[in-house]
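Close look at the chain arrangement
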Amino acid sequence: MPRIRAHVSEVSGSDRNTQLGKGDQSVHTVEHVLAAVAGLGIDDVTIDMDGPEPPILDGSAAPFLAALSEAGLASLDGEPEFLDLHEPVRIIDGASVYEAYPCDRLELDVTIEFPHPLIGKQSRRFTITEESFANELSRARTFGFVHEVDALRAKGLIKGASLENAVVLDDTHILSGDLRWSDEFVRHKAMDCVGDLALAGARVRARIVAVKPSHRGTITLVRELVKAGRKEMAMYTIEDIMKVLPHRYPFLLVDRIIEIEEKRIVGLKNVTINEPFFQGHFPGHPIMPGVLIIEAMAQVGGMLMLGSLADPDSKVVYFMSLDNVKFRRPVKPGDQLRFELEVVQLRGTVCKMRGVGKVDGDVVVEADMAATIRDR
C-alpha cells in the first residue's frame, strides 16, 4: 500500500464514509481513527494498514483513542499549524447546511433529524478538547437501519457490520442493546465531523454549526475552510515582501499581500503625501505617476511568481511587455491601491497576467503584462 496523505486533497469518496486515495490504492472509513488522532491533538503520525479499511471494532473512536494513549505520545520540535478564519464560511450540500465562524478554538454545534421515534431531532454543542472528546464523543457508535443493509452492502460497505459494532435500528426499536447516551446519535455525528475536519491539514479553530451533517458535506466544508485559511495564512507583511522582492525604499511600492493562490494574488499600496515622487510630480496638485502605479502592480505580480519558489533571493522577475494599459482616474495621497492579478497563461518561465488596480472599489488602472523569471 502506498503512502496516502491524510488530507482533503486525497479524498476520493465520501458517500456514507470517507475514502482516501484512488482505486485499488485507497483506504476507506478512516473517519473514526482520524477522529481519535485529532481528539488527542496528534499532528504527526504514520498509520500502517494491511487492508482497505481500519477495523470497525465497536463502531466508535474509543478503541483507537485507547490504543494511541497506551502507545504514548512523543513531542517533536516545531509548533502545530492552525487553520483560522477571519470571516464566516457557509456551504450547503444537499440536506446538509454548515456555517463556520471565526473562533479561538474548535466548537461544534450539531443538529440531526431522522424520522425515527428514538432519534427525531437532536442538537448538541461541544467545545472540542482532549478531555471533552474522550468523555463526550469518542464512545459514540455509528448507527444504521435494518432497511438500509442490503443497499449498503451492494455498494461494498458495512461488510463486517453486526449488532456488536453499531447501533442498529428497525422501524421502531433498537436491536443492538442499550444506548451509551440517550443522544448517542448526534454525538456520533459530531465525532465524525472531528474525524473529517482532521483532513484540513492543520488544527481547525472555528465555531461550526452543522445541520444534518454528512461525510460529503463535511468534506465540502473542509475544502472551503482550506481555501479561506490559505488566503489568511499566506498573507505577506512588508518584512515578508522584502525577503522575496529585491526592491527597497523608495522603489518598493507594495505594502502588503492580503490574498495569494496558485494563479491569483491581491496586494495593497498605501499612497501617502510623504511619497518622494510627490515632490516633483505636479507640485501643488499631487497625483501618483502612472508609470509607478504600473510598477506597483508589476511588483505584486512578481510576488505571485517568486513567492512559490524555494529560493526567491536567487531569482529576479523581468517584465517583458505591457498591453492594453488604461488609466481610469488619478490616484492621490490618502488612497489605498488594491491590485488584483490573475495568471492567464503560463509557458515555461514566461507568465502572462491580467491586472486591475482599484481605489474604494473603483477601477483606476488595468493592464495586461508578461514577465519571465531569470537567475540573478
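For the structure, check the block above.
Residues numbered from 1 in each chain as written. Predicted model: local features only at pLDDT ≥ 70, side-chain atom pairs only at ≥ 80, totals over all residues. Heavy atoms only, no water.

1. Re the overall build of the protein chain
Summing up its helical and strand segments, the protein chain has eight helices and 17 strands in all. Scaling as 2.2 N^0.38, a compact globule of 376 residues should have a C-alpha radius of gyration of about 21 Å, whereas the protein chain reaches 26 Å, well beyond that. Taken along the three principal axes of its C-alpha coordinates, the protein chain extends 85 × 40 × 40 Å. When the 376 residues of the protein chain are sorted by exposure, 45% land in the buried category. When contacts within the protein chain are restricted to residue pairs at least 6 apart in sequence, long-range pairs at least 24 apart make up 66% of them. As displayed, the protein chain offers around 19,700 Å² of accessible surface, 49% of which is attributable to carbon and sulfur atoms. On the protein chain, the mean spot of the 44 positive side-chain charges and the mean spot of the 56 negative ones are 6 Å from each other. (Helix = DSSP H or I, 4+ residues; strand = E, 2+ residues; numbered from the N terminus. Rg over C-alpha atoms; globule rule 2.2 N^0.38 Å. Buried < 20%, exposed > 50% of the residue type's maximum accessible area, 1.4 Å probe, protein only. Contact = heavy atoms within 4.5 Å. Areas by Shrake-Rupley, 256 points an atom, 1.4 Å probe, with all protein chains shown as cover. Lys, Arg positive; Asp, Glu negative; His and termini not counted. Charge placed at Lys NZ, Arg CZ, Asp CG, Glu CD.)

2. Overview of helix 3 (residues 130-137)
Of the residues making up helix 3, those classed as buried are S132, F133 and L137. Angular distribution of buried residues about the axis of helix 3 spans 100°; they occupy a single face of the element. In this structure, the buried side of helix 3 is in contact with helix 1 (31-39), helix 2 (62-71), strand 8 (120-127) and helix 5 (184-197). (Arc of directions from axis to C-beta.)

3. A word on the packing of helix 1 against helix 5
Two elements in contact, helix 1 and helix 5, have axes whose closest approach is 7 Å; the angle formed by their N-to-C orientations is 75°. Here helix 1 lies roughly perpendicular to helix 5, going by the angle between them. Along its contact with helix 1, which presents E31, H32, L34, A35 and A38, the element helix 5 presents H188, M191, D192, V194, G195 and D196. Looking at the contact of helix 1 with helix 5 residue by residue, the class counts come to five nonpolar, three polar and three charged. (Axes fitted to C-alpha atoms, helices over the stretch in contact; angles between N-to-C directions. Parallel < 35°, antiparallel > 145°, perpendicular 65-115°, else oblique. Nonpolar A, V, L, I, M, F, W, Y, C, P; charged D, E, K, R; others polar.)

4. Here's the deal with the environment of E262
Relative to the helices and strands, E262 resides in the loop between strand 12 (256-260) and strand 13 (264-270). A relative accessible area of 71% means that E262 is categorised as exposed. Considered as a pair, E262 and L304 are 42 residues apart in the sequence and their alpha carbons are 8.0 Å apart.

5. Quick notes on the nonpolar core
L108, I208 and L225 are the most contacted members of the largest nonpolar core, which has 55 residues in total. The biggest single contributor to this core is helix 5, with seven residues. If near-sequence neighbours (up to four positions away) are discounted, L225 is found in contact with L83, L85, V89, A100, L197, V204 and I208. Of all hydrophobic cores here, the second largest spans 40 residues; its members include A296, L304, F339 and V364. (Core = buried A, V, L, I, M, F, W, Y, C linked by side-chain atoms within 4.5 Å.)

6. Points about the pattern of salt bridges
The final tally for this structure, using the stated rule, is 23 salt bridges. Where E224 meets K227, a salt bridge forms, and the shortest distance between an N and an O atom there is 3.5 Å. A residue pair is termed a helical-turn pair when its members lie 3 or 4 positions apart in one helix, as E224 and K227 do in helix 6 (residues 215-233) at three residues. Accessibility expressed as a relative area gives 30% for E224, which makes it partly exposed. (Salt bridge = Lys/Arg side-chain N within 4 Å of Asp/Glu carboxyl O.)

7. Structural notes on the sheet that holds strand 1 (residues 11-13)
Read from one edge to the other, the open sheet built from three strands follows the order 1-2-3, with strand pairing classed as antiparallel. A single partner strand is all that each edge strand has here, and the edge strands are strand 1 and strand 3 (25-28). Adjacent strand axes in the sheet meet at a mean angle of 45° when their direction is disregarded. For strand 2 (residues 19-22) and strand 3, the ladder comprises four bridges, and the chain directions are antiparallel. Across the sheet, K22 pairs through a bridge with Q25, a residue of strand 3. (Pairing = 2+ DSSP bridges.)

8. Focus: the sheet that holds strand 15 (residues 336-347)
With antiparallel pairing, six strands are arranged side by side in an open sheet as 12-13-15-16-17-14. Unpaired on one side and paired on the other, strand 12 and strand 14 (315-327) mark the two borders of the sheet. Recorded for the sheet is a direction-independent mean angle of 25° between the axes of neighbouring strands.

9. Some details on the packing of aromatic side chains
Scanning the entire structure with this criterion turns up five aromatic pairs. Ring centres 6.4 Å apart and planes at 90° place the aromatic pair F143 and F145 in the edge-to-face group. F143 sits in the buried class, given a relative accessible area of 12%. Judged by relative accessible area, F145 falls into the buried class, the value being 10%. (Phe/Tyr/Trp six-rings, centres within 6.5 Å; stacked < 30°, edge-to-face > 60°.)

10. Some remarks on the pairing of strand 5 (residues 89-93)
Along strand 5, the buried face is formed by V89, I91 and D93; none of R90 and I92, which line the opposite face, is buried. As paired elements, strand 5 and strand 6 (residues 96-102) share five bridges and run antiparallel to each other. From the neighbouring strand, I92 faces strand 6, where its bridge partner is V97. Between the end of strand 5 and the start of strand 6, which pair antiparallel, lie two residues, with G94 showing a positive phi angle near 60°.

11. Topic: helix 8 (residues 290-306)
The first and last C-alpha atoms of helix 8 sit 24 Å apart over 17 residues, in line with the 24 Å expected at 1.5 Å per residue. Counting buried positions along helix 8 yields 14 of 17 residues, so the element is predominantly enclosed. (Expected span 1.5 Å × (residues − 1).)

12. Considering the packing of helix 3 against helix 5
Their axes nearest at 10 Å, the elements helix 3 and helix 5 cross at an angle of 140°. Classed by the angle they form, the pair helix 3 and helix 5 counts as oblique. Considering how the two elements wind past one another, helix 3 and helix 5 form a crossing that is left-handed. Residues F133, E136 and L137 of helix 3 touch helix 5, and the partners they reach there are R187, A190, M191 and V194. Residues belonging to the contact of helix 3 with helix 5 are distributed by class as follows: five nonpolar, no polar and two charged. (Left-handed = near helix turned anticlockwise from the far one by under 90°.)

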